[in-house]
Amino acid sequence: MNPQSNPMPESPRDPQITDSRGIAPAAMSATRPMYWSVRRELWENRSIYIAPLAAGVVYLLGFMISLIWLPRSMRELAAQHPVNQQVALAMPYSHAAMLLMVIAFIVGVFYSLDALHGERRDRSILFWKSLPVSDLTTVLSKASIPLVVLPLVVFAITVPLQLIMRLLATAVLSLGGGGASTLWTQLPLFQLELVLLYSLTVISLWHAPLYGWLLLVSGWARRAPFLWAVLPPLVIGVFERIAFHTSYFGSLMHERLGGFAAVAFDLKDKNGVTLDPHFIPLSQLAPGRFLSSPGLWVGLIVAAALLAAAVRLRRYREPI
Amino acid sequence: MTVIEARGLRKAFGTTIALDGVNLQVEEGHILGLIGPNGAGKSTALNAVLGLTRYQGELKVLGRDPWSERDQLMCDVCFIADVAVLPRWLRVWQALDYVAGVHPRFDRAKAEGFLDRTTIRRTSKVRELSKGMVAQLHLALVMAIDAKLLVLDEPTLGLDILYRKQFYDSLLNDYYDRSRTIVVTTHQVEEVQQVLTDLMFIDRGRIVFACSMEEFESRYLEVMVNPEHVAAARALKPIHERPALGRSILLFDLKADHHVERRQLAGLLSGFGDVRTPSIADLFVALLGNKPGNQSGEARSNDEGAAR
């Protein structure tokens, strides 16, 4: 293993530049270890931003090809009811956002399962523990990846992606067929972005106990953290079904995965008609109901308990 | 100042007792070698000192409880537990950035200075470095930290002679000063003999022998004796005898016989052959090798018997 013979696969940043903010030893603030711990996670797990970025690029390519049919479908849309028009127009944009959210969810799940397991597997936990970074800071920095960093990554990629899509669609429509103005009047700027920001916040808060559980299992399991995370809930659900012919546990899990939609959004308009989730007007966001829902707060308390357990566990854990 | 103070340190893994009432006191400025057979409890003792494992008994490191205050303690304590613990995905510049970011006592320029003397490139990943280079990198990081206590657990395991020599040379020349304290465990005792100021043998969870290197040098003598003098030399009550190339090597403990002064004994012994200070390994075998049930000790004497 001679490094001289290994060409570097990627251009590195100059270490001098990254440290230009070097702070005097005495001025070490409490947030600095946190900041560098999060940076550290991004160094190790580049899939956090590469996976959503790649998905965004692939989606954009697909969208560009689909633009061939855009003028024709705009002509067909013109005859339809404005609400249906909005839904149809918003479809590709909300699909892009949903795709990135799903990708981020998958990345977040696998990241969390490895976060406290990988460092024990490769014994590097001994190196991390040789530095003055508390277990609390470490676990919180790892929890912040699925709860804060990934939603921000999705937002930061989706917004420019949707904007590029809009501009491309406008260009195509202006060149042939018309209807570019419909696109901008029916889908006002910032509307999609605001709904996206709201959805990302809601999902992150709602899924917090899920990631707390995954982090706890990753800190606890000696091997196969995925199985330890997934099988016990499954077994409990099956057991309940067989023993009591009920499925409270199953519906609890289902509620935790997807229940945020019914709480955070008013999916029925004032006439009681169910709205298409592809286009949610701002008026249908229900932050008040979401913030006052027991599901949110119980979930957050459970998440805090799971993370506290993970912090405690990391103190006891040794390399495996 | 007392850097490490342990009283009645105990630790059991199930039914296996790793530490069986260890008492330990390490003063500032000392370089302590903790020597013992595999499974003697060396690493467990160090892990307790570093706050990596729970223990029973009293333990204070730099006045702190390592188990509950590990993160604060690590501002003043560094350790290299094994050369393999640097994560393989980490790049050299990332290691520098990260340690500079989280450690208040890290002098980045110093670390860069050490690295400039090696062939390690900032852009390399740890997985691309040779084992010796990883050790150099880790040492560069650790030596740039202005710590009070440095703990080394088998730091040169698996390194070639050149790197091992360099490792201890840099440690002594560039790092150690009278205000720092170093605790090292190793099986390559001959390499640390000239480095240590204090010596401690640990066996089956207990400290079985402790002395300063000064005491070691004035107290123990070794002489290689031709067969015709063996009986006369034995009369002076050696604590250990081992055969070597048709002759015998006898090890004497001056404390065991208070009537004889070192000079006197040395004079008597020099009539039989060359008198010298034994190596730590020889004393280790002499003190621990003959105890029943100590397999590694027996294996060593058997090996030497076979070598004859």
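Note that the structure is a prediction, hence the values are computed from the model and not measured.

A look at the overall build of chain B
Helices and strands together make up the secondary structure of chain B, namely 12 helices and 13 strands. Whereas a compact globule of 308 residues would reach a radius of gyration of roughly 19 Å, chain B reaches 22 Å, a difference of no more than 12%. For chain B, the C-alpha atoms occupy an extent of roughly 65 × 45 × 35 Å along the three principal directions. Counting the 308 residues in chain B, one finds 45% classified as buried. Long-range contacts, defined here as pairs at least 24 residues apart, represent 68% of the contacts in chain B between residues at least 6 apart.

Description of the overall build of chain A
Helix and strand content of chain A: 15 helices and zero strands. Its C-alpha atoms give chain A principal-axis dimensions of roughly 70 × 65 × 40 Å. The burial tally for chain A puts 32% of its 320 residues in the buried class. Sequence separation of 24 or more characterises 82% of the internal contacts of chain A that already satisfy a separation of 6 or more.

Looking at the environment of B:Pro66
All names here are of chain B. Take Pro 66: it is sitting in the loop between β4 (56–61) and α2 (70–73). For Pro 66, a count of 23 C-beta atoms within 10 Å corresponds to the buried category. Among residues more than four places away in sequence, those in contact with Pro 66 are Ala 48, Val 49, Leu 50, Gly 51, Leu 59, Val 61 and Leu 73.

As for the pairing of strand β5 (residues 77–80) of chain B
Residue and element names in this part refer to chain B. In β5, alternate side chains face the same way, and those of Val 77 and Phe 79 on one face and Cys 78 and Ile 80 on the other are all buried. Here β5 runs beside strand β6 (residues 149–153); their pairing, made up of four bridges, is parallel. Note on β6: the bridge partner recorded for Val 77 is Leu 149.

Points about the nonpolar core
Burial of nonpolar side chains together is a common tendency in soluble globular proteins. B:Val77, B:Leu137 and B:Val151 are the most contacted members of the largest nonpolar core, which totals 103 residues. Tallying contributions element by element places helix α5 (residues 131–143) of chain B first for this core, with nine residues. There are two domains that each give this core at least three residues, and those are domain 1 (2–204) and domain 2 (215–307) of chain B. Not counting chain neighbours up to four residues away, the residues in contact with B:Leu137 comprise B:Leu86, B:Val92, B:Ala95, B:Ile120 and B:Leu129. In this structure, A:Ile48, A:Leu150, A:Ile203 and A:Trp206 belong to the second largest nonpolar core, which totals 55 residues.

Considerations on the sheet that holds strand β7 (residues 181–185) of chain B
Residues and elements named next belong to chain B. Strand order in this open sheet of six strands is β5-β6-β7-β3-β8-β9, and the pairing throughout is mixed. Where the open sheet ends on each side, the last strands, each with one partner, are β5 and β9 (206–212). Recorded for the sheet is a direction-independent mean angle of 15° between the axes of neighbouring strands. Of the strand pairs in this sheet, β6 and β7 are connected by five bridges, and their pairing is parallel. Paired with Asp 153 across the bridge in β7 is Thr 185. Its contacts with the sheet place helix α11 (residues 280–288) against β3 (31–35), β8 (198–203) and β9, and it is angled at close to 40° to β8.

Looking at unusual backbone geometry
All names here are of chain B. Even without glycine at this site, Leu 62 takes up a positive phi of about 50°. Following the sequence through the fold, Leu 62 ends up in the loop between β4 and α2. Residue Glu 154 is not a glycine yet carries a positive backbone phi of 50°. One can find Glu 154 in the loop between β6 and α6 (161–175). Here Glu 154 falls in the partly exposed class, since 18 other C-beta atoms lie within 10 Å of it.

Let's talk about the packing of helix α5 (residues 82–115) of chain A against helix α10 (residues 191–220) of chain A
Helices that pack against each other are described as a pair by the angle of their axes relative to one another and the distance between those axes. All names here are of chain A. As a packed pair, α5 and α10 sit with axes 10 Å apart at the nearest point and diverge in direction by 20°. Our classification of the angle between α5 and α10 gives roughly parallel. In this structure, α5 crosses over α10, and the sense of that crossing is right-handed. Counting all contacts with α5, which are made through Tyr 93, Ala 97, Met 101, Gly 108, Val 109, Ser 112, Leu 113, Asp 114 and Ala 115, the residues of α10 involved are Leu 192, Leu 196, Ile 203, Tyr 211, Leu 214, Leu 215, Val 217 and Ser 218. Residues belonging to the contact of α5 with α10 are distributed by class as follows: 13 nonpolar, three polar and one charged.

What about the interface of chain B and chain A?
On the chain A side, the residues contacting the 37 residues of chain B number 29 residues. Residue composition of the side of chain B that touches chain A, by class: 19 nonpolar, eight polar and 10 charged.

Some thoughts on the pairing of β9(B)
All names here are of chain B. Pairing analysis gives six bridges linking β8 to β9, with the strands arranged antiparallel. Paired with Leu 199 across the bridge in β9 is Cys 211. Counting the residues that bridge the hairpin from β8 to β9 gives two residues, and of these Arg 204 lies at a positive phi of roughly 45°.

What about the confidence of the model for chain A?
Within chain A, residue pLDDT values average 85, and 91% of them lie at 70 or more. When the elements of chain A are averaged for pLDDT, helix α1 (residues 15–18) of chain A gives the smallest value, 40, and helix α3 (residues 47–66) of chain A the largest, 94.

Section: helix α15 (residues 294–316) of chain A
All names here are of chain A. Its 23 residues give α15 an end-to-end C-alpha distance of 33 Å, which sits within 8% of 33 Å, the value for a rise of 1.5 Å per residue. Every buried residue of α15 is accounted for by Leu 296, Gly 299, Ala 303, Leu 306, Leu 307, Ala 310, Val 311 and Arg 314. Next to the buried residues of α15 lie α8 (135–175), α10, α12 (248–258) and α14 (287–291).

Overview of the environment of B:Asn23
Residue and element names in this part refer to chain B. With respect to the helices and strands, the residue Asn 23 is situated in strand β2 (residues 16–27). For the pair Asn 23 and Gly 57, spaced 34 residues apart in sequence, the C-alpha to C-alpha distance is 9.5 Å. Not counting residues up to four positions away in its chain, the partners in contact with Asn 23 are Ala 6, Arg 7, Gly 8 and Ile 207.

Section: the domain arrangement of chain B
Residue and element names in this part refer to chain B. Domain annotation of chain B identifies domain 1 (2–204) and domain 2 (215–307). A straight line from the C-alpha centre of domain 1 to that of domain 2 covers 33 Å. Tallying the contact residues gives nine residues for domain 1 and nine residues for domain 2. For the side of domain 1 that touches domain 2, the elements supplying multiple residues, two or more each, are α7 (189–192) and β8. With three residues, β8 is the largest single contributor of residues to the side of domain 1 that touches domain 2.

Let's talk about the sheet that holds strand β13 (residues 275–276) of chain B
Residue and element names in this part refer to chain B. Ordered by their spatial adjacency, four strands build an open sheet running β11-β12-β10-β13, and the pairing between neighbours is antiparallel. With one partner strand each, in any of the chains shown, β11 (240–244) and β13 form the two edges of the open sheet. Inspection of the sheet shows strand β10 (residues 220–225) paired to β13 by two bridges, in the antiparallel sense. Bridge assignment links Val 223 to a residue of β13, and that residue is Val 275.

The rules behind each value
Residues numbered from 1 in each chain as written. Chains lettered and ligands numbered in written order. Predicted model: local features only at pLDDT ≥ 70, side-chain atom pairs only at ≥ 80, totals over all residues. Helix = DSSP H or I, 4+ residues; strand = E, 2+ residues; numbered from the N terminus. Rg over C-alpha atoms; globule rule 2.2 N^0.38 Å. Buried ≥ 20, exposed ≤ 12 C-beta atoms within 10 Å, placed from the backbone. Contact = placed C-beta atoms within 7 Å. Pairing = 2+ DSSP bridges. Core = buried A, V, L, I, M, F, W, Y, C linked by C-beta atoms within 7 Å. Domains from an automatic or database assignment. Axes fitted to C-alpha atoms, helices over the stretch in contact; angles between N-to-C directions. Parallel < 35°, antiparallel > 145°, perpendicular 65-115°, else oblique. Left-handed = near helix turned anticlockwise from the far one by under 90°. Nonpolar A, V, L, I, M, F, W, Y, C, P; charged D, E, K, R; others polar. pLDDT = per-residue confidence, 0-100. Expected span 1.5 Å × (residues − 1).

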